[in-house]
Amino acid sequence: MPVFGTLVVVGPGLIGSSVLRRAKARGDLAQRLIAVDSSEQVCARVRELGIADEATTDITTAVAQADCVMLCVPVGAMGAVAATVVPAMKSGAVLTDVGSTKVSVIEAITPSLRADIAYVPAHPMAGTEFSGPDAGLANLFEDRWCLLTPLACTTAQSLHDIRSLWERCGARLREMTPSHHDRVCAIVSHLPHLLAFTICGTADHLAAETRSEVLDFAASGFRDFTRIAASDPIMWRDIFLANKTALLEMLGRFMEDAKAMGRAIEEDDTAYIVSRIEEGRAIRKSLQENRQA
Ligand SMILES: NC(=O)C1=CN([C@@H]2O[C@H](COP(=O)(O)OP(=O)(O)OC[C@H]3O[C@@H](n4cnc5c(N)ncnc54)[C@H](O)[C@@H]3O)[C@@H](O)[C@H]2O)C=CC1
Ligand SMILES: O=C(O)C(=O)Cc1ccc(O)cc1
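As the structure is a prediction and not an experimental result, all values here were calculated from the model.

K.L.:
Go over the site of ligand 2, please, and point to the residues and values.
P.N.:
The immediate surroundings of ligand 2 are formed by S100, H123, A126, G127, T128, E129, H193, R227, M235 and W236. Take H123: an N or O atom from its side chain is 2.6 Å from an oxygen atom of ligand 2. About the coverage of ligand 2: the protein hides 84% of its 340 Å² of free accessible area. Per-domain counts for the shell around ligand 2 show at least three residues from each of domain 1 (4–176) and domain 2 (180–289).

This is the structure we're talking about:
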């Protein structure tokens, strides 16, 4: 029995097209799948890939048919898209989003909400450095967390249905408050991306300054940073600005710890250096035991 009659995915890029692929492959997420994108090129590609029953730029006509609308656009676009989508939705339908930040997305969407529309904010903690409809994978969410931040306007039925949808995508679910979500994601996702973009920039500037070949010798540790640094600039600009408070708090904490490591190196404090490295190894081991690495 499908969770929804008609599921409309707005923004069938990496995340949206992964949900569509999973829905097509299983057949029990929704009876009918509609993809909506502001780009006709993206719609044409979705048609070629055959991952939705319909792909259109006509957002209001599409969402009027929806039992569930899933917003998969960059976080900075969520508010404007919701302002177009919500007035056109039918009574009793469910609105959900997959944005990487929750407090600011909820703030942006809330002014558009209606009493007869349930809203379930969600965030699948899975992805890659690639974007667009070609990048999606039916198994992207398998064994990955999907974080839900239910609100007063999240009915029990809508929460149940969105939980079922993500469970059928293979995700593990956890509920938390939006502000807790943003602090957690600031440290485990947003700060690592900030560090990756920064270290690649620093190395590139050094190479330019010294007119040397430093990057030719990039070892695997540096290469791991470059994978993350290849992520979409608009998406990450939006995330950094949308999660400014929590991200700056975590950046401050990180800089303190980095300075302490610098001092330990300066002072030949071997015990401190080894204890921090051991902490890192222990985290890696515990993640591998939980199949998340
Ligand atoms: N990339 C990742 O690894 C993850 C991303 N997210 C979140 O998922 C959302 C989507 O990210 P991706 O799938 O990576 O992006 P993407 O760039 O692959 O896809 C976004 C799609 O939205 C469309 N779009 C942009 N503005 C629009 C508008 N105003 N109306 C209609 N369509 C519009 C674009 O044309 C594009 O097809 C973002 O909010 C992101 O924070 C969540 C988890 C992981
Ligand atoms: O590619 C990676 O390593 C990621 O970390 C993907 C990712 C990007 C954004 C999210 O909100 C969640 C996951």
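K.L.:
I'd love a proper account of the pattern of salt bridges, names of residues and values included.
P.N.:
Following the criterion strictly, the structure yields 20 salt bridges and no others. Residues D116 and R114 are paired through a salt bridge, measuring 2.9 Å at the closest nitrogen-oxygen approach. On the basis of relative accessible area, D116 is assigned to the partly exposed category, the value being 30%.

K.L.:
Account for helix α1 (residues 14–26), with residues named and values stated.
P.N.:
With 13 residues, α1 should reach 18 Å at 1.5 Å per residue; the first-to-last C-alpha distance of 18 Å fits that figure. Across the 13 residues of α1, 10 count as buried, placing the element largely inside the fold. For α1, the set of buried residues is L14, I15, G16, S17, S18, V19, L20, R21, R22 and A23. Residue G27 follows α1 closely and has a positive phi angle near 80°.

K.L.:
Would you mind going over the environment of A242 in detail, with residue names and values included?
P.N.:
Within the element layout of this structure, A242 appears in helix α9 (residues 233–242). Taking relative accessible area as the criterion, A242 reaches 22% and is therefore assigned partly exposed. When sequence neighbours within four positions are dropped, the list of residues in contact with A242 reads V75, T101 and S104.

K.L.:
Tell me about the site of ligand 1, and name the residues and values.
P.N.:
Surrounding ligand 1, one finds 25 residues, the nearest of these being L14, D37, V73, S100 and G132. Side-chain polar atom of D37 to an oxygen atom of ligand 1: 2.6 Å apart, as the coordinates give it. For ligand 1, whose accessible area on its own is 820 Å², the fraction buried by protein is 84%. Taken together, the elements giving at least two residues each to the shell around ligand 1 come down to α1, α4 (78–88), β6 (118–124) and α9. The residue makeup of the shell around ligand 1, split by class, is 14 nonpolar, 10 polar and 1 charged.

K.L.:
Lay out unusual backbone geometry with the relevant residues and their values.
P.N.:
For D143, which is not glycine, the phi torsion reads 65° and is therefore positive. On the secondary structure map, D143 appears in the loop between β6 and β7 (145–148). Not every positive phi belongs to a glycine, and D268 is a case in point at roughly 55°. Within the secondary structure, D268 is located in the loop between α10 (244–266) and α11 (270–289).

K.L.:
Tell me about the packing of helix α7 (residues 178–210) against α10, and please be specific about residues and values.
P.N.:
With their axes 9 Å apart at the nearest point, α7 and α10 run at an angle of 65° to one another. Here the hand of the crossing between α7 and α10 comes out right-handed. Of the residues in α10, those touching α7 at D182, R183, A186, I187, H190, L191, L194 and L195 are A246, L247, E249, M250, L251, R253 and F254. The residue inventory of the contact of α7 with α10, partitioned by class, reads 10 nonpolar, 1 polar and 4 charged.

K.L.:
Can you tell me about the sheet that holds strand β8 (residues 172–175), naming the residues and giving the values?
P.N.:
Read across the open sheet, the 8 strands follow the order β3-β2-β1-β4-β5-β6-β7-β8; overall the sheet is mixed. One side of each edge strand has no neighbouring strand; the edge strands of this open sheet are β3 (54–56) and β8. Each neighbouring strand pair of the sheet contributes to a mean axis angle of 25°, computed without reference to strand direction. Contacts between α1 and the sheet are confined to β1 (4–10), β2 (30–36), β4 (68–71) and β6, with β2 contributing the most and set at about 155° to the helix. Packed onto the sheet, helix α6 (residues 156–168) meets β1, β4, β5 (94–97), β6, β7 and β8 and runs at close to 30° relative to β6.

Parameters and conventions
- Residues numbered from 1 in each chain as written.
- Chains lettered and ligands numbered in written order.
- Predicted model: local features only at pLDDT ≥ 70, side-chain atom pairs only at ≥ 80, totals over all residues.
- Heavy atoms only, no water.
- Near = heavy atom within 4 Å.
- Polar contact = N/O pair within 3.5 Å; in protein donor to acceptor, adjacent residues only side chain to side chain.
- Areas by Shrake-Rupley, 256 points an atom, 1.4 Å probe, with all protein chains shown as cover.
- Domains from an automatic or database assignment.
- Salt bridge = Lys/Arg side-chain N within 4 Å of Asp/Glu carboxyl O.
- Buried < 20%, exposed > 50% of the residue type's maximum accessible area, 1.4 Å probe, protein only.
- Helix = DSSP H or I, 4+ residues; strand = E, 2+ residues; numbered from the N terminus.
- Expected span 1.5 Å × (residues − 1).
- Contact = heavy atoms within 4.5 Å.
- Nonpolar A, V, L, I, M, F, W, Y, C, P; charged D, E, K, R; others polar.
- Axes fitted to C-alpha atoms, helices over the stretch in contact; angles between N-to-C directions.
- Left-handed = near helix turned anticlockwise from the far one by under 90°.
- Pairing = 2+ DSSP bridges.

Any functional reading would require information beyond the geometric quantities listed.
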